[in-house]
Amino acid sequence: MILTGPEIARAIEVGDISITPFEVRRLSPNAYDWRLGDSIRVCDTDLDAARSSKFTQRSIPPTGMVLEPGKLYLGVTHERTHSERYAQMLNGDHTVGSLGVWVHVSAPLGHVGHAIRWTLEIRVVRPVRVYAGMTFGKIIFLRTRGTAASYQHMGQKYMHSNGIDTSRLYEELT
């Protein structure tokens, strides 16, 4: 079951959800509008699942950054989210989708216990200028059913992400 905006606000008040920083005006009927963080990693080379990937990290200047088609960009959310009660799902939205920006298509689920600034997989159809702090998508919170198991207690490799994480699949393959 998806939480409504007022229910998200209530859950924040009682400590069941944490969004840092939180702005009540970013609540919508069934979600919270999250923003793009202030840095992006750019991959200009081929990738190999069995090896650590090379990315160049860049700060997004106040004048914005133009993203180009054909490149993989990894960004980060401005907000850090956490809940020991609710699962989270991060999505792009029409606001950036209508600019030809595809964001976070492959890994939208934040497990119960996830405490992170989300790493974003970003691709663009045409060159587009983006800005740090711009609304970039929506996060929803979902009630779970069954025995709860916190991500925090499972020793997961992306458990406390506070920046841009690259793939660590190579840890499983080596």
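You'll find the structure just up there.
Enquirer: Describe the pattern of salt bridges, and please don't skip the residues or the numbers.
Expert: Scanning the entire structure with this criterion turns up eight salt bridges. Put simply, Glu7 and Arg143 hold a salt bridge, and the shortest N to O gap is 3.9 Å. In this pair, Glu7 is assigned in helix α1 (residues 5-14) and Arg143 in strand β13 (residues 135-143), connecting sequence segments 136 residues apart. For Arg85, the salt bridge identified is with Asp16, shortest N-O distance 3.0 Å.

Enquirer: Can you break down the pairing of strand β7 (residues 72-82) residue by residue, with the values?
Expert: In terms of residue burial, β7 counts as a mostly covered element, since eight of its eleven residues are buried. Inspection of the sheet shows strand β1 (residues 18-20) paired to β7 by three bridges, in the antiparallel sense. Considered in β7, the bridge of Thr20 is made with Arg80. As paired elements, strand β4 (residues 39-43) and β7 share three bridges and run antiparallel to each other. Residue Cys43 lies in a different strand from β7, and its bridge partner there is Leu72. Summarising the sheet, β7 and strand β11 (residues 115-124) pair through seven bridges and their orientation is antiparallel. Within β11, the residue paired with Val76 across the bridge is Thr119.

Enquirer: Can you tell me about the environment of Ser98, naming the residues and giving the values?
Expert: The residue Ser98 is located in the loop between α2 (94-97) and β9 (101-103) in this model. Only 2.9 Å separates the side chain of Ser98 from the backbone oxygen of His94, close enough to count as a polar contact.

Enquirer: Describe in detail the packing of aromatic side chains, supporting the description with residues and values.
Expert: For any pair of aromatic rings, the description rests on two quantities: the centre-to-centre distance and the angle between the ring planes. Within the structure shown, the criterion is met by two aromatic pairs. Arranged with centres 5.5 Å apart and planes meeting at 25 degrees, the rings of Phe22 and Tyr32 form a pair that is stacked. Of this pair, Phe22 sits in the loop between β1 and β2 (27-28) while Tyr32 sits in strand β3 (residues 31-35), placing them ten residues apart in sequence. Here Trp34 and Phe136 contribute two aromatic rings whose centre-to-centre distance is 6.0 Å and whose plane-to-plane angle is 65 degrees, an arrangement assigned as edge-to-face.

Enquirer: Mind laying out unusual backbone geometry, listing which residues take part and the relevant values?
Expert: That bond from Thr20 to Pro21 is cis: its omega, -5 degrees, falls within 30 degrees of zero. Within the element layout of this structure, Pro21 appears in the loop between β1 and β2.

Enquirer: So what about the side chain of Thr81? Which residues, and what values?
Expert: Structurally, Thr81 can be placed in strand β7. At 2.5 Å, the side chain of Thr81 and the side chain of Gln88 are in polar contact. Every residue in contact with Thr81, bar those within four places of it in the chain, is listed here: Ser18, Ile19, Gln88, His114, Ala115, Ile116, Trp118 and Ile139.

Enquirer: Lay out empty space enclosed by the protein with the relevant residues and their values.
Expert: One pass over the structure, following the stated rule, counts one cavity of 30 Å³ or more. Computed from the structure, the largest cavity encloses a volume of approximately 30 Å³. Lining the largest cavity we find Tyr32, Trp34, Thr77, Glu79, Thr81, Leu90, Trp118 and Ile139. Sorting the residues of the lining of the largest cavity by element identifies β3 and β7 as the ones contributing at least two each. If you tally residues by element for the lining of the largest cavity, the top one is β7, at three residues. Per-class residue counts for the lining of the largest cavity are five nonpolar, two polar and one charged.

What counts and how
Here the residue index of a chain counts from 1 through its sequence in written order. With the structure being a predicted model, the display of local features is reserved for residues of pLDDT at least 70 and the display and counting of side-chain atom pairs for 80 or more, all residues being used for whole-chain, interface and lining totals. Hydrogen atoms and water are omitted, and side-chain values are computed over all heavy atoms in the structure. We define a salt bridge as a contact between a side-chain nitrogen of Lys or Arg and a carboxyl oxygen of Asp or Glu at a distance within 4 Å. Numbering of helices and strands runs from the N terminus, with a helix taken as a DSSP run of H or I at least four residues long and a strand as a DSSP run of E at least two residues long. Only protein chains enter the accessibility calculation, which uses a 1.4 Å probe. A residue is then buried if its area is under 20% of the maximum for its type, exposed if over 50%, and partly exposed in between. Two strands pair under a simple rule: DSSP has to find at least two bridges between them. Pairs of N or O atoms within 3.5 Å make up the polar contacts considered here, provided that, within protein, one atom can donate a hydrogen while the other can accept it, and that residues adjacent in sequence are counted only when both atoms are side-chain atoms. In this analysis, rings of Phe, Tyr and Trp, with Trp reduced to its six-membered ring, are considered paired at centre separations within 6.5 Å, and the interplanar angle assigns stacked below 30 degrees, edge-to-face beyond 60, and tilted for intermediate values. In this description, contact between two residues means that some pair of their heavy atoms is separated by no more than 4.5 Å. In this analysis a 1.4 Å probe is tested at points of a 1 Å grid over the protein atoms alone, and where it fits but cannot get out there is a cavity; an open set with protein on both sides within 12 Å along at least five of seven lines is a pocket; lining residues have an atom within 4 Å of a point. Grid points are joined across faces, edges and corners, and a volume is the space filled by probe spheres set on the points. Polarity classes work like this: nonpolar for Ala, Val, Leu, Ile, Met, Phe, Trp, Tyr, Cys and Pro, charged for Asp, Glu, Lys and Arg, and polar for all others, with Gly in that last group.

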